[in-house]
Each structure stands twice: as structure tokens, then as C-alpha cells.
Amino acid sequence: MKITFLGTGVSVNVANKAQQSILIEDDKLVLVDCGYGAMLRLHQAGYDVKDLDAILLTHFHLDHCGEIMGILKARWLSDADEIAIYTPKGGEKGFEAFLQAFSYLSGKLRYRIYELKDGTSFSIGSMRFSARKTVHSVESLAYFINGLLISGDTCAFPELYHDVDVAVHEMSLDFGGNADFHTSPENFAKNAGSISKAYLIHLYPPAYLNRKKIAGFLEEKGIKTYFPDDLERIEL
Ligand SMILES: [Zn+2]
Ligand SMILES: [Zn+2]
């Protein structure tokens, strides 16, 4: 399984990163989130929107789904097949609202929404995913596949990491941050459980500037810590 970090940024500019977007490639090509900048990064990584087999959205915040309509429009103009889009509860309504806002696209875009609940499993080709509800300010999911968790936005809590070895995880907050709906280093260290490797993304400026200290702190707790940049690729 190959993971390409398309966008590792947040809602404000940090080091010219695109907003959150991660590509998982096995026998199918799956995009997890598509914040602004995702489509350009997808092309820079050597793929086309037509190549995507499914899109998984963690939640309806712009830094995670801002480019979804642009991607669907580009697929329509490229004559692509219908695509499956997996979302938390509220996905159908969310897309209806998008189409009301951009009514010129009504009836043109080809997609099917699958709203997921906590614990729902689903397959895309040979890839077996399950959705895990996270703690965020809106309905929100993390996605789990073969020991890997992609967190979306959440605070860290133990149940989220059942059977997780590797996490692609948000680290919005710096030390001392209020981990109600996002993760801070202390909050992550306390709850990380079985996680041995963390690829931390989605850092707001204070956390980004302090990332060496965050890595040192987590490594002391036995978590190998990386801060991938856009377009970095790992093999799991
Ligand atoms: Zn969010
Ligand atoms: Zn976010």
C-alpha cells in the first residue's frame, strides 16, 4: 500500500502546503480528503482526477473538502465514470447544498454518496476500510485500514487507536493547546496506545514552528514521529 501526502497543511498558509489530502494506492486509488490545493497536488504527483476510484471525506470543513466540487467537475469534463464518495452523516445534504450553490452543475456530476456510521466497514477493491467516529466540532470520521489510521480532525482518545500501528494524524495544537476538538502533543502522547509511528500533518503555525520539540517529546514516549511534506510518499 502506497501513501502519497498530497496536502499536509491547514486552513491558513503554513510553508506553502496544500490543505489536507492523502492518496492511498493499492489495487485501487483512493483519495482521503481534498482540501484546497488537492487537485493541483494530485496532478503534480502524476495522477489525474479520472484515475480516482473513490473519495473518503473525514468531515465537511473546507480544509478537508473544499475542492470536492472542483474534482467532480473536472471528472465530468473528462467523461469519468461515477465515483463513490464516503462521508460522515450529513453527506447527502451537504452535496445537495453544494449543488444548490453551483446549480449549473446540477445533473452533470456523477457520484454516489455513502454515509457512514461509527464502525461501518466497506471495501474498495481489495482494500478493507472501516470508519471511526472522531471528536470534532462537526460530525467527523477517521478511516482505518490494515493497522493504519488516518485521523481527520479530532482530539486523541484511546478508543480511536484500537489495533492502530501507524497513524497519519493531525497535530493542530502546540504544547498546552486546548485539546477539545483537535490534538496537542500531550493529548496524543497520553492516548496513543499501540501507535509506533506517527506521520503528523495539519499543524497550525505554533505547532509547525515547534515540530522538532514535538517530535522529541513523542519519541521519548516510543512513537517514531515524522512531519511529511506535500508530495512525500511512503510504502506500508
Ligand atoms: Zn475540521
Ligand atoms: Zn482541519
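This section reports on the structure supplied with the text. Residue positions are given per chain, counting from 1 as you read along its sequence in written order. As they are written, the chains are lettered A onward and the ligands numbered 1 onward, keeping that order. For a predicted model such as this one, the threshold for reporting local features is a pLDDT of at least 70, and the threshold for listing and counting side-chain atom pairs is 80 or more; totals across whole chains, interfaces and linings nevertheless cover every residue. Side-chain numbers here rest on the full set of heavy atoms in the structure, without hydrogens or water.

**Considering the packing of aromatic side chains**
Here a pair means two rings of Phe, Tyr or Trp (six-membered ring of Trp) with centres within 6.5 Å. Their orientation is stacked below 30 degrees between planes, edge-to-face above 60, and tilted elsewhere. In this structure the tally under the stated criterion is twelve aromatic pairs. Each ring, one from Phe95 and one from Tyr111, has its centre 5.2 Å from the other, and the planes form 40°; the classification is tilted. On the criterion of sequence distance, the pair formed by Phe95 in helix α4 (residues 91–101) and Tyr111 in strand β6 (residues 111–115) is long-range, its members being 16 residues apart. Exposed residues in this analysis have more than 50% of their type's maximum accessible area, buried residues have under 20%, and partly exposed residues fall in between, with area computed by a 1.4 Å probe over protein chains only. According to the relative accessible area criterion, Phe95 is buried, its value standing at 2%. For Tyr111, a relative accessible area of 18% gives the class buried. Between Tyr161 and Phe188, the ring centres sit 6.2 Å apart and the planes meet at 85°, which makes this aromatic pair edge-to-face. One end of the pair, Tyr161, is in the loop between β10 (148–150) and β11 (166–170); the other, Phe188, is in helix α5 (residues 185–191), with 27 residues separating them in the sequence. Taking relative accessible area as the criterion, Tyr161 reaches 2% and is therefore assigned buried. In textbook terms, an aromatic cluster arises when at least three aromatic residues are bridged by ring pairs, as seen for Tyr86, Tyr114, Phe122, Phe129 and Tyr143. For a ring to carry a charge above it, either NZ of a lysine or CZ of an arginine must fall within 6 Å of the ring centroid while also lying within 35 degrees of the normal to the ring plane. One residue, Arg132, lies across the ring of Phe144, its end atom 4.1 Å from the ring centre. The helix count covers DSSP runs of H or I at least four residues long, the strand count covers runs of E at least two residues long, and both are numbered beginning at the N terminus.

**Description of the sheet that holds strand β4 (residues 54–56)**
Pairing between two strands is assigned when DSSP locates at least 2 bridges connecting them. Read across the open sheet, the seven strands follow the order β6-β5-β4-β3-β2-β1-β14; overall the sheet is mixed. With partners counted over all chains shown, the strands left at the sheet margins are β6 and β14 (233–235), one partner each. Taking the axes of each pair of neighbouring strands and ignoring which way they run, one obtains an average angle of 20° across the sheet. Judged from the four bridges that link them, strand β2 (residues 21–25) and strand β3 (residues 29–32) form a sheet pairing that is antiparallel. If you follow Ile22 over to β3, its bridge partner there is Val32. Should any heavy atoms of two residues lie within 4.5 Å, those residues are considered in contact. Every angle, taken between N-to-C directions, lies between 0 and 180 degrees, and every axis is a line fitted to C-alpha atoms, over only the stretch in contact when it is a helix. Sitting on the sheet, helix α3 (residues 68–77) is in contact with β3, β4, β5 (83–87) and β6, with an inclination near 170° to β5. Helix-sheet contacts for α4 involve β5 and β6, and the interaxial angle to β6 is about 145°.

**Observations concerning the coordination of the zinc ion (ligand 2)**
On the protein side, the zinc ion (ligand 2) has Asp63 (OD), His64 (NE2), Asp153 (OD) and His202 (NE2) as donor atoms, found 2.1 to 2.2 Å from it. In this description, a donor is an N, O or S atom within 2.8 Å of the metal centre, a cutoff extended to 3.2 Å for sodium, potassium and calcium. Water is not part of the atom list, which can make sites seem incomplete. In these descriptions, tetrahedral denotes four donors with every angle between 85 and 135 degrees, square planar four donors and octahedral six donors with opposite donors over 155 degrees apart and the rest between 65 and 115, and irregular any other case. Relative to the metal, the four donor atoms surrounding the zinc ion (ligand 2) lie at angles of 89 to 158°, and the coordination shape comes out irregular. Donor residues for the zinc ion (ligand 2), ordered by position in the chain, follow D-H-x88-D-x48-H. Here the zinc ion (ligand 2) and the zinc ion (ligand 1) are spaced 3.6 Å apart, and both take Asp153 as a donor. The class for Asp63 is buried, based on a relative accessible area of 5%.

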